[in-house]
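Chain by chain, the residues run as shown.
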Amino acid sequence: MKILHTTPAQDGFYMPAEFAPHEGCLMIWPERADSWQYGAYAARKAFLRVIETISESDSMTVLCSEGQYDNARAQLPDRVRLVVMETDDAWARDVGPTFVINGRGERRGIDWGFNAWGGDVDGLYPSWEKDNRVARKFCDLLNNDVYDKRNFICEGGSIHSDGEGTALVTEACLLSEGRNPDLTKTQIEQVLCDYMGVSKVIWLPRGIYNDETNEHVDNVCAFTAPGEVVLAWTDDETDPQYALSKASLDALEAATDAKGRRIKVHKLPLPKPVTITAEECDGLDLCDGEPTRTPGERLAASYVNFYIANEAVVMPAFGDPMDEKAQAILQELFPTRKVVAIAARDILIGGGNIHCVTQQIPKV
Ligand code: KQY
């Protein structure tokens, strides 16, 4: 594995869309007791359902700690590859590499800097060094060369690509003080163009209300096809989310993509506000320096946080009447894939959802 100091764009590489074919998927077995209630037992069951579903069509690699190896191996299907690797938590989207490909059958990874969603400003863990080493180690495992971009803080959940030259991000996240405060918006956009291999960045102002990642794009908006997105939506103007979604809708309606197309926006309804219970809060251990949750706090629940596998779309369900409607909308948008809804409250309590705990490995 070579560590590269050029850029993907200058080498002819780009980030493909998630709906392009995958060779596989990366996930991490959860165990951190201050993220996952009651020792992560329920979270592991929810992750397992996600792993079982995705691994039907994407070849799955799961990372786990030495201490969890036997437990994970006993529960995971035989077709899943399990590898011991140290991590701080289980957010493969954010700590795994962002993969780029070229037209000659080659794939490389990008090793972004990771500082737990904001470092000393508003980061969510007191230390993140193990997570910050995952991208490079995973590229080594795949024998894929890796671009060193550790001087730029970026998480996989904060960027989307349509594979045709357009990136989607939120200002709330990419311009947050805890990531790259010394870079201007123009400089950040240039980094995205150089590393994602895009020529157009669409900036949404905001993401999902109370999203502790500073409003990652992957919880609010996602490409479903070139020129088409789903946007998390509520018609309830009294909900604080309304103004956030409306601002993103306005931005999308005013935008064109890298190919000059107007963006077709499909509204994906949000579930009713999901709040954490006192019992769930009681089940969380405390770790020095990590922000705590309080009973009644609103969680950043959104159906947009789905994963597009080769033959399935795996979406979160919240036991809400809107689950079925969201599933039907996604099924119409992905007619060649089966949309599978998985009860995801136990993932949401950790602060993200199915897209956040997965990272696709594009096929070359
Ligand atoms: O990508 C994500 N949504 C990760 C959230 C991490 C939260 C840590 N508690």
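Counting restarts for each chain: residues are numbered from 1 in the order of the written sequence. The predicted nature of this model means local features are confined to residues of pLDDT at least 70 and side-chain atom pairs, given and counted, to a pLDDT of 80 or more, with totals for whole chains, interfaces and linings taken over all residues. To obtain the side-chain values, all non-hydrogen atoms of the structure were used and water was disregarded.

1. Looking at the packing of aromatic side chains
Point 1. For Phe, Tyr and Trp, where Trp contributes only its six-membered ring, two rings pair if their centres lie within 6.5 Å, and the inter-plane angle classes them as stacked under 30 degrees, edge-to-face over 60, or tilted in between. Tallied over the full model, the rule gives 11 aromatic pairs.
Point 2. For the ring pair Phe99 and Phe138, a centre distance of 6.5 Å and an interplane angle of 65 degrees mean the geometry is edge-to-face. Taken together, the positions of Phe99 in strand β5 (residues 98-101) and Phe138 in helix α6 (residues 134-142) put the pair 39 residues apart, joining distant regions of the chain. Like Phe99, the residue Phe138 is buried in the burial classification. Strands here are runs of E lasting at least two residues and helices are runs of H or I lasting at least four, both read from the DSSP assignment and numbered beginning at the N terminus. Type-normalised accessible area, obtained with a 1.4 Å probe on protein chains alone, sets the label of each residue: buried when under 20%, exposed when over 50%, and partly exposed for intermediate values.

2. Description of the site of the ligand
Point 1. Close to the ligand lie Trp91, Asp94, Trp117, Leu124, Glu212, Thr213, His216, Gly350, Gly351, Gly352 and Cys356, which account for all nearby residues.
Point 2. Asp94 is positioned with one of its side-chain polar atoms (N or O) 2.6 Å from an oxygen atom of the ligand.
Point 3. Polar contacts, as counted here, are pairs of nitrogen or oxygen atoms within 3.5 Å of one another; within protein the pair requires one atom able to donate a hydrogen and one able to accept it, and residues that are adjacent in sequence qualify only if both atoms are side-chain atoms. Within the backbone of Gly350, one N or O atom sits 2.9 Å away from a nitrogen atom of the ligand.
Point 4. The protein chains shown are the only cover counted for residues, whose accessible areas, like all others here, come from Shrake-Rupley with a 1.4 Å probe. When the ligand sits alone it has 300 Å² of accessible area, and the protein chains cover 97% of it.
Point 5. Under the grouping applied here, Gly and all other residues not named as nonpolar or charged are polar, the nonpolar ones being Ala, Val, Leu, Ile, Met, Phe, Trp, Tyr, Cys and Pro and the charged ones Asp, Glu, Lys and Arg. Its residues assigned to classes, the shell around the ligand comprises four nonpolar, five polar and two charged. By convention in these notes, a residue is near a molecule or strand provided one of its non-hydrogen atoms lies within 4 Å of it.

3. A word on the side chain of Gln359
Point 1. Within the element layout of this structure, Gln359 appears in strand β19 (residues 359-362).
Point 2. For Gln359, a relative accessible area of 3% gives the class buried.
Point 3. A distance of 3.1 Å separates a polar atom in the side chain of Gln359 from the backbone oxygen of Arg93.
Point 4. Two residues qualify as a contact provided that any one of their heavy atoms is within 4.5 Å of a heavy atom in the partner residue. If near-sequence neighbours (up to four positions away) are discounted, Gln359 is found in contact with Gly24, Cys25, Leu26, Ala92, Arg93, Gly96 and Pro97.

Shape is all these values report; function is a separate question.
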